[in-house]
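Spelled out, the chains give:
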Protein chains: 2
Amino acid sequence: MEISSWRHAFKLDPAKTISDESLERVCESGTDGIIIGGTDDITLEGVLDLLMRVRRFTVPVALEISSMDAISPGFDYYFIPTVLNSSSTKWMKDLHVSAIKEFGHMIQWHEMIMEGYCILNPSCKAAIATEADTSLTEEEVIAHAVLAEKVFRLPVFYMEYSGMYGDPVLVNKVKRNLDTTQLFYGGGIDGPDKAAEMAAIADTIIVGNSIYDQFEEALKTVAAVKNSHATY
Amino acid sequence: MEISSWRHAFKLDPAKTISDESLERVCESGTDGIIIGGTDDITLEGVLDLLMRVRRFTVPVALEISSMDAISPGFDYYFIPTVLNSSSTKWMKDLHVSAIKEFGHMIQWHEMIMEGYCILNPSCKAAIATEADTSLTEEEVIAHAVLAEKVFRLPVFYMEYSGMYGDPVLVNKVKRNLDTTQLFYGGGIDGPDKAAEMAAIADTIIVGNSIYDQFEEALKTVAAVKNSHATY
(Lines give C-alpha, C1' and ligand atoms only; values in the text may rest on other atoms or scores of the structure.)
Protein backbone atom coordinates (compact mmCIF):
# COMPACT_ATOMS: atom_id res chain seq x y z
CA MET A 1 0.00 0.00 0.00
CA GLU A 2 1.43 3.30 -1.04
CA ILE A 3 2.03 5.90 1.64
CA SER A 4 -0.32 8.21 -0.22
CA SER A 5 -3.17 5.86 0.68
CA TRP A 6 -2.33 5.68 4.37
CA ARG A 7 -5.11 7.01 6.56
CA HIS A 8 -3.75 5.80 9.90
CA ALA A 9 -0.33 4.91 11.21
CA PHE A 10 1.06 3.96 14.58
CA LYS A 11 4.40 5.48 15.53
CA LEU A 12 6.52 3.27 17.74
CA ASP A 13 9.40 4.69 19.72
CA PRO A 14 12.44 2.41 19.81
CA ALA A 15 13.43 3.93 23.15
CA LYS A 16 10.20 2.76 24.79
CA THR A 17 9.11 -0.70 25.87
CA ILE A 18 6.22 -2.64 24.37
CA SER A 19 5.32 -6.25 25.10
CA ASP A 20 5.17 -8.87 22.37
CA GLU A 21 1.45 -9.24 22.90
CA SER A 22 0.80 -5.51 22.61
CA LEU A 23 3.05 -5.25 19.58
CA GLU A 24 1.14 -8.04 17.88
CA ARG A 25 -2.15 -6.29 18.50
CA VAL A 26 -0.74 -3.04 17.11
CA CYS A 27 0.62 -4.72 14.00
CA GLU A 28 -2.55 -6.74 13.42
CA SER A 29 -4.86 -3.83 14.22
CA GLY A 30 -5.60 -2.96 10.62
CA THR A 31 -3.49 0.18 10.71
CA ASP A 32 -2.03 1.14 7.34
CA GLY A 33 1.54 1.30 8.55
CA ILE A 34 3.98 1.33 11.40
CA ILE A 35 6.46 4.17 11.70
CA ILE A 36 9.50 3.60 13.85
CA GLY A 37 10.80 6.90 15.15
CA GLY A 38 11.49 9.02 18.17
CA THR A 39 13.51 11.94 19.44
CA ASP A 40 15.60 10.82 22.40
CA ASP A 41 17.90 7.88 22.95
CA ILE A 42 17.44 6.37 19.53
CA THR A 43 20.00 3.63 19.01
CA LEU A 44 20.62 1.27 16.14
CA GLU A 45 20.05 -1.65 18.50
CA GLY A 46 16.67 -0.28 19.52
CA VAL A 47 15.65 0.29 15.91
CA LEU A 48 16.78 -3.14 14.76
CA ASP A 49 15.10 -4.90 17.66
CA LEU A 50 11.80 -3.23 16.90
CA LEU A 51 12.15 -3.80 13.16
CA MET A 52 12.70 -7.52 13.65
CA ARG A 53 9.72 -7.80 15.95
CA VAL A 54 7.43 -5.86 13.59
CA ARG A 55 8.63 -7.84 10.58
CA ARG A 56 6.90 -10.95 11.92
CA PHE A 57 3.69 -9.32 10.67
CA THR A 58 2.66 -8.16 7.23
CA VAL A 59 2.05 -4.50 8.03
CA PRO A 60 4.30 -2.06 6.10
CA VAL A 61 7.00 -0.50 8.22
CA ALA A 62 8.79 2.79 7.78
CA LEU A 63 11.78 4.25 9.55
CA GLU A 64 11.60 7.92 10.36
CA ILE A 65 15.21 8.96 10.44
CA SER A 66 16.16 11.13 13.38
CA SER A 67 19.73 10.04 13.93
CA MET A 68 22.37 9.14 11.41
CA ASP A 69 23.60 6.48 13.81
CA ALA A 70 20.37 4.50 13.72
CA ILE A 71 19.74 3.82 10.05
CA SER A 72 19.30 0.30 8.81
CA PRO A 73 18.26 -1.36 5.58
CA GLY A 74 15.18 -3.56 5.62
CA PHE A 75 12.40 -1.03 5.91
CA ASP A 76 9.69 -0.56 3.30
CA TYR A 77 10.02 3.19 3.44
CA TYR A 78 12.21 5.85 4.97
CA PHE A 79 10.76 9.14 6.14
CA ILE A 80 13.19 12.05 6.07
CA PRO A 81 12.05 14.99 8.18
CA THR A 82 12.96 18.54 7.29
CA VAL A 83 11.80 20.94 9.97
CA LEU A 84 10.34 23.85 8.08
CA ASN A 85 9.75 26.01 11.13
CA SER A 86 13.14 25.42 12.65
CA SER A 87 15.12 28.57 13.27
CA SER A 88 18.30 26.71 12.39
CA THR A 89 19.35 25.41 8.99
CA LYS A 90 20.69 22.35 10.80
CA TRP A 91 17.27 20.71 11.01
CA MET A 92 16.18 21.92 7.66
CA LYS A 93 19.09 20.81 5.51
CA ASP A 94 22.55 20.66 7.11
CA LEU A 95 22.04 17.17 8.51
CA HIS A 96 20.73 16.12 5.10
CA VAL A 97 23.81 17.49 3.37
CA SER A 98 26.01 15.57 5.81
CA ALA A 99 24.06 12.39 5.20
CA ILE A 100 24.24 12.78 1.43
CA LYS A 101 27.96 13.45 1.68
CA GLU A 102 28.51 10.31 3.69
CA PHE A 103 25.94 7.90 2.30
CA GLY A 104 24.76 9.51 -0.94
CA HIS A 105 25.99 6.73 -3.19
CA MET A 106 24.02 4.15 -1.18
CA ILE A 107 20.72 6.00 -0.91
CA GLN A 108 17.79 4.55 -2.82
CA TRP A 109 15.93 7.79 -3.34
CA HIS A 110 12.69 6.18 -4.43
CA GLU A 111 12.36 4.69 -0.93
CA MET A 112 12.79 8.12 0.71
CA ILE A 113 9.78 10.21 1.56
CA MET A 114 10.48 13.78 2.57
CA GLU A 115 8.33 15.13 5.35
CA GLY A 116 8.04 18.88 5.80
CA TYR A 117 7.53 19.15 9.53
CA CYS A 118 5.80 22.02 11.22
CA ILE A 119 6.17 21.46 14.96
CA LEU A 120 3.50 23.29 16.87
CA ASN A 121 3.66 22.23 20.52
CA PRO A 122 6.26 24.52 22.11
CA SER A 123 6.96 22.17 24.98
CA CYS A 124 7.48 18.93 23.11
CA LYS A 125 10.94 17.42 22.89
CA ALA A 126 11.06 17.65 19.13
CA ALA A 127 10.34 21.39 19.20
CA ILE A 128 13.09 22.04 21.69
CA ALA A 129 15.59 19.74 20.00
CA THR A 130 15.04 21.32 16.58
CA GLU A 131 14.73 24.94 17.76
CA ALA A 132 11.31 25.15 16.17
CA ASP A 133 9.51 28.47 16.09
CA THR A 134 6.18 27.35 17.49
CA SER A 135 4.80 30.87 17.85
CA LEU A 136 3.47 30.91 14.31
CA THR A 137 0.20 32.63 13.50
CA GLU A 138 -2.43 30.67 11.58
CA GLU A 139 -1.41 32.47 8.40
CA GLU A 140 2.20 31.50 8.98
CA VAL A 141 1.35 27.84 9.51
CA ILE A 142 -0.60 27.89 6.25
CA ALA A 143 2.31 29.65 4.53
CA HIS A 144 4.62 26.86 5.70
CA ALA A 145 2.26 24.31 4.16
CA VAL A 146 2.29 26.20 0.86
CA LEU A 147 6.08 26.46 1.10
CA ALA A 148 6.24 22.68 1.51
CA GLU A 149 4.04 22.03 -1.50
CA LYS A 150 4.89 24.78 -3.94
CA VAL A 151 8.47 25.75 -3.19
CA PHE A 152 10.01 22.49 -2.03
CA ARG A 153 7.51 20.07 -3.59
CA LEU A 154 7.54 17.85 -0.53
CA PRO A 155 5.20 14.87 -0.69
CA VAL A 156 4.20 15.23 2.98
CA PHE A 157 3.42 18.18 5.27
CA TYR A 158 3.38 17.03 8.88
CA MET A 159 1.60 19.09 11.54
CA GLU A 160 3.19 17.78 14.70
CA TYR A 161 1.59 18.63 18.03
CA SER A 162 3.37 15.77 19.82
CA GLY A 163 1.85 15.35 23.27
CA MET A 164 -0.90 17.89 22.70
CA TYR A 165 -4.11 17.83 20.71
CA GLY A 166 -4.11 20.39 17.91
CA ASP A 167 -6.70 22.78 16.63
CA PRO A 168 -8.99 21.06 14.10
CA VAL A 169 -9.97 24.42 12.63
CA LEU A 170 -6.37 25.26 11.79
CA VAL A 171 -5.66 21.75 10.51
CA ASN A 172 -8.66 22.16 8.22
CA LYS A 173 -7.43 25.52 6.94
CA VAL A 174 -4.09 23.95 6.14
CA LYS A 175 -5.74 21.03 4.38
CA ARG A 176 -7.74 23.39 2.20
CA ASN A 177 -4.50 25.07 1.09
CA LEU A 178 -2.86 21.85 -0.07
CA ASP A 179 -3.50 20.33 -3.48
CA THR A 180 -1.06 17.47 -3.88
CA THR A 181 1.01 17.32 -0.71
CA GLN A 182 -0.28 14.78 1.80
CA LEU A 183 -1.23 16.15 5.21
CA PHE A 184 -0.03 14.17 8.21
CA TYR A 185 -1.45 15.07 11.59
CA GLY A 186 0.12 13.90 14.83
CA GLY A 187 -0.40 14.74 18.48
CA GLY A 188 -2.74 14.06 21.33
CA ILE A 189 -4.88 11.42 19.67
CA ASP A 190 -5.74 9.49 22.78
CA GLY A 191 -8.77 7.60 21.56
CA PRO A 192 -11.39 7.08 18.85
CA ASP A 193 -13.16 10.44 19.13
CA LYS A 194 -10.11 12.57 18.42
CA ALA A 195 -8.96 10.06 15.82
CA ALA A 196 -12.25 10.38 13.97
CA GLU A 197 -12.21 14.15 14.24
CA MET A 198 -8.71 14.61 12.84
CA ALA A 199 -9.07 11.81 10.27
CA ALA A 200 -12.03 13.68 8.82
CA ILE A 201 -9.66 16.56 8.08
CA ALA A 202 -6.10 15.35 7.59
CA ASP A 203 -5.11 12.75 5.01
CA THR A 204 -3.27 10.65 7.55
CA ILE A 205 -3.24 10.60 11.32
CA ILE A 206 -0.36 9.31 13.39
CA VAL A 207 -1.00 7.76 16.77
CA GLY A 208 2.07 7.58 18.98
CA ASN A 209 2.24 8.25 22.69
CA SER A 210 -1.17 6.83 23.49
CA ILE A 211 0.09 3.37 22.53
CA TYR A 212 2.24 3.61 25.64
CA ASP A 213 -0.19 5.53 27.81
CA GLN A 214 -3.69 4.27 27.00
CA PHE A 215 -3.23 1.15 24.95
CA GLU A 216 -6.84 0.02 24.52
CA GLU A 217 -7.98 3.49 23.54
CA ALA A 218 -5.11 3.79 21.10
CA LEU A 219 -6.13 0.56 19.38
CA LYS A 220 -9.65 1.86 18.89
CA THR A 221 -8.34 4.71 16.75
CA VAL A 222 -7.90 2.33 13.82
CA ALA A 223 -11.59 1.54 13.51
CA ALA A 224 -12.48 5.15 14.18
CA VAL A 225 -10.44 6.25 11.19
CA LYS A 226 -11.80 3.55 8.90
CA ASN A 227 -15.32 4.69 9.74
CA SER A 228 -14.63 8.39 9.51
CA HIS A 229 -15.75 10.59 6.66
CA ALA A 230 -14.66 14.06 5.78
CA THR A 231 -17.04 16.46 7.45
CA TYR A 232 -15.26 19.73 6.94
CA MET B 1 10.81 28.61 -25.14
CA GLU B 2 10.73 26.68 -21.91
CA ILE B 3 13.37 27.50 -19.33
CA SER B 4 14.48 23.89 -19.49
CA SER B 5 15.72 24.53 -23.04
CA TRP B 6 17.67 27.65 -22.17
CA ARG B 7 21.38 27.30 -22.86
CA HIS B 8 22.32 30.94 -22.45
CA ALA B 9 20.84 33.89 -20.62
CA PHE B 10 21.90 37.44 -19.96
CA LYS B 11 21.30 38.81 -16.48
CA LEU B 12 20.60 42.53 -16.40
CA ASP B 13 20.90 44.49 -13.19
CA PRO B 14 18.18 47.11 -12.74
CA ALA B 15 20.56 49.15 -10.60
CA LYS B 16 23.05 49.53 -13.47
CA THR B 17 22.88 51.66 -16.59
CA ILE B 18 22.68 50.32 -20.12
CA SER B 19 22.11 52.38 -23.28
CA ASP B 20 19.18 51.70 -25.57
CA GLU B 21 21.53 50.63 -28.31
CA SER B 22 23.36 48.15 -26.10
CA LEU B 23 20.10 46.83 -24.73
CA GLU B 24 18.80 46.22 -28.22
CA ARG B 25 21.93 44.29 -29.13
CA VAL B 26 21.60 42.18 -25.96
CA CYS B 27 17.94 41.43 -26.61
CA GLU B 28 18.50 40.66 -30.29
CA SER B 29 21.66 38.67 -29.67
CA GLY B 30 20.02 35.29 -29.95
CA THR B 31 20.23 34.62 -26.22
CA ASP B 32 17.50 32.33 -24.92
CA GLY B 33 16.32 34.71 -22.24
CA ILE B 34 16.86 37.84 -20.23
CA ILE B 35 16.90 37.65 -16.45
CA ILE B 36 16.35 40.86 -14.55
CA GLY B 37 17.94 40.62 -11.16
CA GLY B 38 20.55 41.99 -8.81
CA THR B 39 21.53 42.26 -5.18
CA ASP B 40 21.85 45.93 -4.24
CA ASP B 41 19.58 48.90 -4.73
CA ILE B 42 16.84 47.01 -6.52
CA THR B 43 13.78 49.24 -6.80
CA LEU B 44 10.42 48.71 -8.40
CA GLU B 45 11.07 51.70 -10.64
CA GLY B 46 14.34 50.20 -11.83
CA VAL B 47 12.71 46.84 -12.51
CA LEU B 48 9.75 48.32 -14.36
CA ASP B 49 11.92 50.61 -16.44
CA LEU B 50 14.07 47.70 -17.58
CA LEU B 51 11.05 45.45 -18.17
CA MET B 52 9.42 48.03 -20.44
CA ARG B 53 12.60 48.53 -22.41
CA VAL B 54 13.18 44.76 -22.84
CA ARG B 55 9.54 44.17 -23.79
CA ARG B 56 10.10 46.01 -27.06
CA PHE B 57 11.85 42.82 -28.20
CA THR B 58 10.60 39.25 -28.45
CA VAL B 59 13.13 37.63 -26.14
CA PRO B 60 11.59 35.95 -23.06
CA VAL B 61 12.15 37.85 -19.85
CA ALA B 62 12.25 36.59 -16.30
CA LEU B 63 12.36 38.43 -12.99
CA GLU B 64 14.67 36.98 -10.39
CA ILE B 65 13.07 38.08 -7.16
CA SER B 66 15.49 39.47 -4.63
CA SER B 67 13.29 42.02 -2.91
CA MET B 68 9.64 41.88 -2.03
CA ASP B 69 9.40 45.57 -2.86
CA ALA B 70 10.35 45.11 -6.50
CA ILE B 71 7.90 42.56 -7.83
CA SER B 72 5.74 43.34 -10.84
CA PRO B 73 3.41 41.42 -13.09
CA GLY B 74 4.25 41.23 -16.77
CA PHE B 75 7.20 38.87 -16.80
CA ASP B 76 7.18 35.54 -18.60
CA TYR B 77 8.74 33.79 -15.63
CA TYR B 78 9.70 34.46 -12.06
CA PHE B 79 12.78 32.91 -10.55
CA ILE B 80 12.63 32.40 -6.80
CA PRO B 81 16.03 31.87 -5.22
CA THR B 82 16.46 29.74 -2.12
CA VAL B 83 20.05 29.89 -0.90
CA LEU B 84 20.89 26.32 -0.01
CA ASN B 85 24.27 27.11 1.49
CA SER B 86 23.08 30.04 3.56
CA SER B 87 23.74 29.69 7.26
CA SER B 88 20.46 31.45 7.99
CA THR B 89 16.97 30.15 7.37
CA LYS B 90 16.06 33.69 6.28
CA TRP B 91 17.45 33.18 2.77
CA MET B 92 16.34 29.64 2.53
CA LYS B 93 12.70 29.97 3.49
CA ASP B 94 11.72 32.75 5.92
CA LEU B 95 11.42 35.38 3.20
CA HIS B 96 9.37 32.90 1.18
CA VAL B 97 7.02 32.28 4.08
CA SER B 98 6.54 36.03 4.46
CA ALA B 99 5.86 36.41 0.75
CA ILE B 100 3.36 33.57 0.74
CA LYS B 101 1.66 35.03 3.80
CA GLU B 102 1.31 38.40 2.13
CA PHE B 103 0.79 37.53 -1.52
CA GLY B 104 0.00 33.81 -1.53
CA HIS B 105 -3.49 34.21 -2.94
CA MET B 106 -2.12 36.15 -5.93
CA ILE B 107 0.80 33.90 -6.81
CA GLN B 108 0.57 31.99 -10.09
CA TRP B 109 2.70 29.06 -9.06
CA HIS B 110 3.14 27.69 -12.57
CA GLU B 111 5.06 30.87 -13.45
CA MET B 112 7.43 30.45 -10.51
CA ILE B 113 10.70 28.60 -10.96
CA MET B 114 12.57 27.75 -7.80
CA GLU B 115 16.32 28.08 -7.96
CA GLY B 116 18.46 26.29 -5.41
CA TYR B 117 21.44 28.62 -5.15
CA CYS B 118 24.86 27.55 -4.07
CA ILE B 119 26.94 30.71 -3.81
CA LEU B 120 30.62 29.93 -4.10
CA ASN B 121 32.54 33.20 -4.34
CA PRO B 122 33.13 34.29 -0.73
CA SER B 123 33.66 37.93 -1.62
CA CYS B 124 30.63 38.51 -3.83
CA LYS B 125 27.82 40.70 -2.59
CA ALA B 126 25.28 37.90 -2.76
CA ALA B 127 27.40 35.66 -0.54
CA ILE B 128 27.79 38.34 2.08
CA ALA B 129 24.16 39.44 1.95
CA THR B 130 22.85 35.89 2.33
CA GLU B 131 25.43 34.70 4.87
CA ALA B 132 26.43 31.91 2.51
CA ASP B 133 28.89 29.29 3.67
CA THR B 134 31.27 29.42 0.75
CA SER B 135 33.90 27.20 2.40
CA LEU B 136 32.26 24.03 1.12
CA THR B 137 34.36 21.08 0.04
CA GLU B 138 33.74 19.56 -3.38
CA GLU B 139 31.75 16.76 -1.76
CA GLU B 140 29.61 19.31 0.08
CA VAL B 141 28.86 21.25 -3.09
CA ILE B 142 27.80 18.00 -4.75
CA ALA B 143 25.70 17.12 -1.69
CA HIS B 144 23.91 20.46 -1.99
CA ALA B 145 23.10 19.67 -5.61
CA VAL B 146 21.68 16.29 -4.61
CA LEU B 147 19.75 18.01 -1.80
CA ALA B 148 18.26 20.37 -4.38
CA GLU B 149 17.19 17.58 -6.68
CA LYS B 150 16.26 14.72 -4.38
CA VAL B 151 15.12 16.34 -1.15
CA PHE B 152 13.57 19.60 -2.32
CA ARG B 153 12.88 18.64 -5.95
CA LEU B 154 13.98 22.03 -7.20
CA PRO B 155 13.91 22.47 -10.97
CA VAL B 156 17.15 24.49 -10.98
CA PHE B 157 20.47 24.24 -9.13
CA TYR B 158 22.47 27.43 -9.56
CA MET B 159 26.22 27.46 -9.01
CA GLU B 160 26.88 31.15 -8.52
CA TYR B 161 30.46 32.40 -8.62
CA SER B 162 29.37 35.99 -9.27
CA GLY B 163 32.44 38.03 -10.23
CA MET B 164 34.77 35.04 -10.32
CA TYR B 165 35.24 32.21 -12.78
CA GLY B 166 34.47 28.84 -11.23
CA ASP B 167 36.17 25.49 -11.42
CA PRO B 168 35.01 23.56 -14.52
CA VAL B 169 36.06 20.28 -12.93
CA LEU B 170 33.77 20.83 -9.96
CA VAL B 171 30.93 22.08 -12.16
CA ASN B 172 31.28 18.90 -14.16
CA LYS B 173 31.18 16.73 -11.03
CA VAL B 174 28.00 18.47 -9.97
CA LYS B 175 26.47 18.00 -13.42
CA ARG B 176 27.18 14.28 -13.29
CA ASN B 177 25.28 14.05 -10.02
CA LEU B 178 22.11 15.64 -11.36
CA ASP B 179 19.48 13.69 -13.27
CA THR B 180 16.52 16.02 -13.72
CA THR B 181 17.42 19.30 -12.06
CA GLN B 182 18.75 21.88 -14.49
CA LEU B 183 22.24 23.20 -13.76
CA PHE B 184 22.73 26.95 -14.04
CA TYR B 185 26.25 28.28 -13.98
CA GLY B 186 27.03 31.95 -13.42
CA GLY B 187 30.20 33.90 -12.75
CA GLY B 188 33.21 35.29 -14.52
CA ILE B 189 32.15 34.51 -18.06
CA ASP B 190 33.93 37.42 -19.71
CA GLY B 191 34.04 36.19 -23.28
CA PRO B 192 33.47 33.35 -25.71
CA ASP B 193 36.16 30.98 -24.48
CA LYS B 194 34.86 30.69 -20.95
CA ALA B 195 31.29 30.64 -22.26
CA ALA B 196 32.09 27.68 -24.47
CA GLU B 197 33.91 25.90 -21.69
CA MET B 198 31.13 26.19 -19.14
CA ALA B 199 28.34 25.66 -21.68
CA ALA B 200 29.90 22.31 -22.51
CA ILE B 201 29.29 21.30 -18.88
CA ALA B 202 26.34 23.18 -17.40
CA ASP B 203 22.85 23.13 -18.89
CA THR B 204 22.58 26.91 -18.87
CA ILE B 205 25.13 29.66 -18.48
CA ILE B 206 24.29 33.11 -17.22
CA VAL B 207 26.28 36.10 -18.38
CA GLY B 208 25.93 39.15 -16.19
CA ASN B 209 28.67 41.56 -15.17
CA SER B 210 30.57 41.37 -18.43
CA ILE B 211 27.65 43.08 -20.17
CA TYR B 212 28.63 46.15 -18.19
CA ASP B 213 32.39 45.61 -18.22
CA GLN B 214 33.30 44.15 -21.61
CA PHE B 215 30.27 44.54 -23.78
CA GLU B 216 31.55 43.22 -27.10
CA GLU B 217 33.09 40.15 -25.48
CA ALA B 218 29.88 39.50 -23.58
CA LEU B 219 27.86 39.52 -26.79
CA LYS B 220 30.16 36.91 -28.30
CA THR B 221 29.19 34.44 -25.58
CA VAL B 222 25.89 33.75 -27.34
CA ALA B 223 27.48 32.34 -30.48
CA ALA B 224 30.05 30.50 -28.38
CA VAL B 225 27.30 28.66 -26.53
CA LYS B 226 25.34 27.83 -29.67
CA ASN B 227 28.46 26.28 -31.16
CA SER B 228 29.55 24.46 -28.03
CA HIS B 229 29.24 20.73 -27.54
CA ALA B 230 29.52 18.76 -24.37
CA THR B 231 33.10 17.63 -24.09
CA TYR B 232 33.16 16.35 -20.53
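Residue positions are given per chain, counted from 1 along the sequence in the order it is written. The order in which chains are written sets their letters, starting at A; the order in which ligands are written sets their numbers, starting at 1. A pLDDT threshold of at least 70 governs which residues receive local features in this predicted model, and a stricter bar of 80 or more applies before side-chain atom pairs are shown or counted, although totals over entire chains, interfaces and linings include all residues. Where side-chain values are given, they derive from all heavy atoms of the structure, hydrogens and water being excluded.

Let us now look at the UniProt feature "binding site: sn-glycerol 1-phosphate" (unreviewed entry) in chain A. Residues and elements named next belong to chain A. UniProt positions are given in the numbering used here, feature names are shortened, and annotations may be inferred rather than shown by experiment. When the UniProt feature table is mapped onto this chain numbering, "binding site: sn-glycerol 1-phosphate" (unreviewed entry) sits at Lys11, Tyr158, Met159, Glu160, Tyr161, Ser162, Gly163, Gly188, Gly208 and Asn209. Among the structural elements, Gly208 can be located in the loop between β8 (204-207) and α8 (209-213). Note on contacts: a residue pair is in contact if any heavy atoms of the two residues lie within 4.5 Å. Non-local contacts of Asn209, meaning those with residues more than four positions away in its chain, are made with Lys16, Ser162 and Gly163. Under the DSSP-based scheme used, a helix requires at least four consecutive residues in state H or I and a strand at least two consecutive residues in state E, with every element numbered from the N terminus.

On to the sheet that holds strand β2 (residues 33-36) of chain B, then. Residue and element names in this part refer to chain B. The pairing criterion for strands is at least two bridges between them, as found by DSSP. The parallel closed barrel is built from eight strands, whose spatial order is β1-β2-β3-β4-β5-β6-β7-β8. This sheet shows a mean twist of 30 degrees between the axes of neighbouring strands, independent of strand direction. Of the strand pairs in this sheet, strand β1 (residues 8-12) and strand β8 (residues 204-207) are connected by three bridges, and their pairing is parallel. By the bridge assignment, Ala9 is partnered in β8 with Ile206. The angle between two axes is taken between their N-to-C directions and runs from 0 to 180 degrees, where each axis is a line fitted to C-alpha atoms and a helix contributes only its stretch in contact.

It is worth spelling out the pairing of strand β5 (residues 112-119) of chain B at this point. Residues and elements named next belong to chain B. Exposure categories follow from relative accessible area, calculated using a 1.4 Å probe and restricted to protein chains: below 20% of the type maximum is buried, above 50% is exposed, and the middle band is partly exposed. Judged by how many residues are buried, β5 sits mostly within the fold: eight of eight residues are covered. Residue alternation in β5 divides its side chains into two sets, Met112, Met114, Gly116 and Cys118 and Ile113, Glu115, Tyr117 and Ile119, and both sets are buried. Of the pairings in the sheet, the one linking strand β4 (residues 77-83) to β5 comprises six bridges and is parallel in character. Looking at β5, one finds that Tyr78 is bridged to Met112. Whether a crossover is right-handed comes down to one check: with the strands pointing away from the viewer, does the path from the first strand over the helix to the second run clockwise; if it does, it is right-handed. What joins β4 to β5 is helix α3 (residues 89-103), and the crossover it makes is right-handed.

The distinction between a cavity and a pocket rests on a 1 Å grid over the protein atoms alone: a 1.4 Å probe fits inside a cavity but cannot get out, while a pocket stays open yet meets protein on both sides within 12 Å along at least five of seven lines, and a residue with an atom within 4 Å of a point counts as lining. Grid points are joined across faces, edges and corners, and a volume is the space filled by probe spheres set on the points. Applying the stated criterion across every chain, the model contains two cavities of 30 Å³ or more. Considered as a void within the structure, the largest cavity measures approximately 50 Å³ in volume. If you trace the largest cavity, you find it lined by Pro14(A), Ile36(A), Gly37(A), Gly38(A), Ile42(A), Val47(A), Leu63(A), Glu64(A), Ile65(A), Ser66(A), Ser67(A) and Ala70(A). Across the lining of the largest cavity, the residue classes tally to seven nonpolar, four polar and one charged. Reported here for the second largest cavity is a volume of approximately 40 Å³. Along the walls of the second largest cavity sit Ile36(B), Gly37(B), Gly38(B), Ile42(B), Leu63(B), Glu64(B), Ile65(B), Ser66(B), Ser67(B), Ala70(B) and Ile71(B), which together make up its complete lining. Nonpolar residues are Ala, Val, Leu, Ile, Met, Phe, Trp, Tyr, Cys and Pro. Charged residues are Asp, Glu, Lys and Arg, and all others, Gly as well, are polar. Classifying every residue of the lining of the second largest cavity by side-chain character gives six nonpolar, four polar and one charged.

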